Amino acid sequence: MAAIILSILLVYGIIVIYKSQKMDFKIESFFLITAIFLGVVYLILYTPYYAPDSAAHFLATYSKSNQLMGFGRENEWLIREADRSFFLRFGRSPDASIQDYYDLINSFRFFATERQLVDMEQVTHMDYYSPIGYLPQILGIIIGRVLGLSPIITMYLARIMTLLAYTLGLYNAVKVTPIGKGVFVFMGIIPGSLYLSSPFSYDAMVVITTMNMIACIFALYKEIGSNKVLIQTMVWTFLVGATKGGGYLIMLPLVFILLFGEKGKKRKVCCICLIVGIGLISLILNDLILPPKDIEFFQMGYANSSHMMVMDGVKNPLLYLHMLFVTVKRQAYGLALCLWVPHYLPVLLTLPFVIVVILYSFLEIDEVRFDKCKRVILLVTVIISFMTTPIMLLSYTPKGSDEIIGLQSRYFLPYMIPLILFLTKIPIREGGKDDNRIPIIKNLCMECFAMALIISVFFLMGEHLSR
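Residues numbered from 1 in each chain as written. Predicted model: local features only at pLDDT ≥ 70, side-chain atom pairs only at ≥ 80, totals over all residues. Heavy atoms only, no water.

A tally of helices and strands in the chain yields 18 helices and 2 strands. Computed over the C-alpha atoms, the radius of gyration of the chain is 23 Å, within 12% of the 23 Å expected from 2.2 N^0.38 for a compact globule of 467 residues. Taking the principal axes of the C-alpha coordinates as reference, the chain spans close to 65 × 55 × 45 Å. Per-residue burial for the chain yields a buried fraction of 54% across its 467 residues. When contacts within the chain are restricted to residue pairs at least 6 apart in sequence, long-range pairs at least 24 apart make up 83% of them. Approximately 20200 Å² of the chain is accessible, and the part contributed by carbon and sulfur atoms is 67%. (Helix = DSSP H or I, 4+ residues; strand = E, 2+ residues; numbered from the N terminus. Rg over C-alpha atoms; globule rule 2.2 N^0.38 Å. Buried < 20%, exposed > 50% of the residue type's maximum accessible area, 1.4 Å probe, protein only. Contact = heavy atoms within 4.5 Å. Areas by Shrake-Rupley, 256 points an atom, 1.4 Å probe, with all protein chains shown as cover.)

Evaluation of the coordinates by the stated rule reveals 29 aromatic pairs. Geometrically, the ring pair formed by Y12 and F37 is tilted, given 6.1 Å between the ring centres and 40 degrees between the ring planes. Note that Y12 is positioned in helix 1 (residues 2-20) and F37 in helix 2 (residues 27-45), a separation of 25 residues in sequence. Their ring planes at 90 degrees and their centres at 5.2 Å tell us that Y46 and Y195 sit as a pair that is edge-to-face. A residue pair is termed long-range when its members are at least 10 positions apart, and Y46 in the loop between helix 2 and helix 3 (54-68) and Y195 in the loop between helix 9 (191-194) and helix 10 (203-222) qualify at 149 residues. The same class applies to Y46 as to Y195, namely buried. (Phe/Tyr/Trp six-rings, centres within 6.5 Å; stacked < 30°, edge-to-face > 60°.)

Positionally, D312 belongs in helix 13 (residues 310-315). When the C-alpha positions of D312 and K22 are compared, they lie 57 Å apart, and in sequence the two are 290 residues distant.

Position of T397 relative to the elements: it lies in the loop between helix 16 (372-388) and helix 17 (416-424). Overall, T397 belongs to the buried group, its relative accessible area being 0%. Sequence spacing of T397 and F353 is 44 residues, and the spatial spacing of their C-alpha atoms is 33 Å. For T397, the side chain forms a polar contact with the main-chain oxygen of L393, separated by 3.0 Å. (Polar contact = N/O pair within 3.5 Å; in protein donor to acceptor, adjacent residues only side chain to side chain.)

On to the pattern of salt bridges, then. Should their charged atoms come close, side chains of opposite charge can pair. Overall, the coordinates contain 9 salt bridges when judged by the stated rule. Note that R330 is salt-bridged to D402, the shortest N-O span being 2.8 Å. Taken as a pair, R330 in helix 14 (residues 317-340) and D402 in the loop between helix 16 and helix 17 lie far apart in primary sequence, 72 residues in all. Judged by its relative accessible area of 34%, D402 falls in the partly exposed class. The partner of D371 in a salt bridge is K374, with the nearest N and O atoms 3.0 Å apart. Classification of K374 as buried rests on a relative accessible area of 4%. Taken together, the shared-partner salt bridges connect R330, D402 and E403 into one network. (Salt bridge = Lys/Arg side-chain N within 4 Å of Asp/Glu carboxyl O.)

We now examine the packing of helix 7 (residues 151-176) against helix 8 (residues 181-189). With their axes 8 Å apart at the nearest point, helix 7 and helix 8 run at an angle of 165 degrees to one another. Considered as vectors, helix 7 and helix 8 are oriented roughly antiparallel to each other. Relative to helix 8, the crossing made by helix 7 is right-handed. Contact residues: Y166, L170, A173, V174, K175 and V176 in helix 7; K181, F184, V185 and G188 in helix 8. Class assignment of the residues belonging to the contact of helix 7 with helix 8 gives a composition of 7 nonpolar, 1 polar and 2 charged. (Axes fitted to C-alpha atoms, helices over the stretch in contact; angles between N-to-C directions. Parallel < 35°, antiparallel > 145°, perpendicular 65-115°, else oblique. Left-handed = near helix turned anticlockwise from the far one by under 90°. Nonpolar A, V, L, I, M, F, W, Y, C, P; charged D, E, K, R; others polar.)

We now examine unusual backbone geometry. Positive phi, close to 55 degrees, is recorded for K244, a residue that is not glycine. We classify K244 as buried; its relative accessible area is 13%.

With that settled, the discussion passes to helix 1. Counted at 1.5 Å a residue, the expected span for helix 1 with its 19 residues is 27 Å, and the 27 Å between its end C-alpha atoms agrees. Along helix 1, the residues that are buried comprise I5, I8, L9, Y12, G13, V16 and S20. Each buried residue of helix 1 lies within a common arc of 135 degrees when the element is viewed along its axis, so the set occupies one face. In helix 1, the exposed positions that point more than 90 degrees away from the buried face belong to A3, L10, I14 and Y18. (Expected span 1.5 Å × (residues − 1). Arc of directions from axis to C-beta.)

Once that is clear, we can look at the side chain of T397. For T397, the side chain forms a polar contact with the main-chain nitrogen of I405, separated by 3.0 Å. In this structure, T397 is in contact with H307, M308, M323, E403, I404 and I405, ignoring residues within four places of it in sequence.

Within the largest apolar cluster, 141 residues are counted, with the highest numbers of intra-cluster contacts made by F30, F58, F186, M187, W340 and F449. The greatest single-element share of this core, amounting to 15 residues, is contributed by helix 10. If we ignore the near neighbours within four places in the chain, the residues touching F186 are I27, F30, V356, V357, Y360, M446 and F449. (Core = buried A, V, L, I, M, F, W, Y, C linked by side-chain atoms within 4.5 Å.)

Written out as structure tokens, the structure reads:
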């Protein structure tokens, strides 16, 4: 396994170095090369159920695949016997040992031998979530089941579908956005993001949908008169509302950037109303109408529980703000680091990623420019998003706690796009297009980023292949 990973890294490094010698090496091409090669490395390095709550997400995915295959509600928690045995062996050990890798290899079969359906563990609270958040992995599982493929092939087919959706989805966002292409690229392939590129989870779809919504809003600002871009923006906004309970619609204040477009006032207001309206429709449809009536949104919390509820934060905002302040004071450093690299990687490895993202964003020549007013909208969106996201974690927080429990850095990844753009898109450099050194420095940034990714994989290999 180590030999395979090292071979992939070697080929990846050679391709990046070769391509970066050319002045026309596009950041989009760098993204595709990195997402494919490093995505496959992470696919190999991490076992099928590695991500947080992957066991519950896998069971929910399998249940939703049953629904799409026409199973009735009474049969949605059935699973092939072979898949159940595979899950019981590997689904409870996300921190894999070297023995788990050997067992995975030894379990390889092309076709499943035990195809009879049996009961699986029910995680009924996950029924609340729309299938859209799990769609790529659902398709992978359905294909594996229809063709009678073995559990290991079915599970990895689901992960490959997720990785494919992640790569193509983010590539589309990079192509669409007229500003900050480098920020979209680098934030999509930092170790913390690659970690989310192929798990059993809705996190990949969260990244895909939010980045495309942001990119389309920026594109609509550039082409406010384009109905095609407007429709794309509305589609991605609807998908954001259908993923993970629609919580990331909190970023919709970004649409007020459209007020500063070049077209007439009516067109701008119409676009804003349509985008916000489709977001609200998606939220109502996927949170209130489509979920089973007997299932509550567990992240809102439960009455008569020993834990808090979201409404506790709404009714007592001063208490919530105090808890948020304490949480930030105690956890901000660790959350910020883990956003870029997993917690078991050296802290210093964060520096090259941060430096490259900021430097490249400063040097990048964008199709549009954000002046002070638009940058203020970026900042306001970030502040609102950062302050309100933790409220959903109150349901994990015991009553009487002085801090919010359960915050993870991945929750804040989509907010990094507008935050970095706010910090870096300052009109301090004029005439940059005529500076011949800029393409050389930008290519060097991509080389350094690639080398930092390779180094991070070496540390990951030491962590995962030595247990």
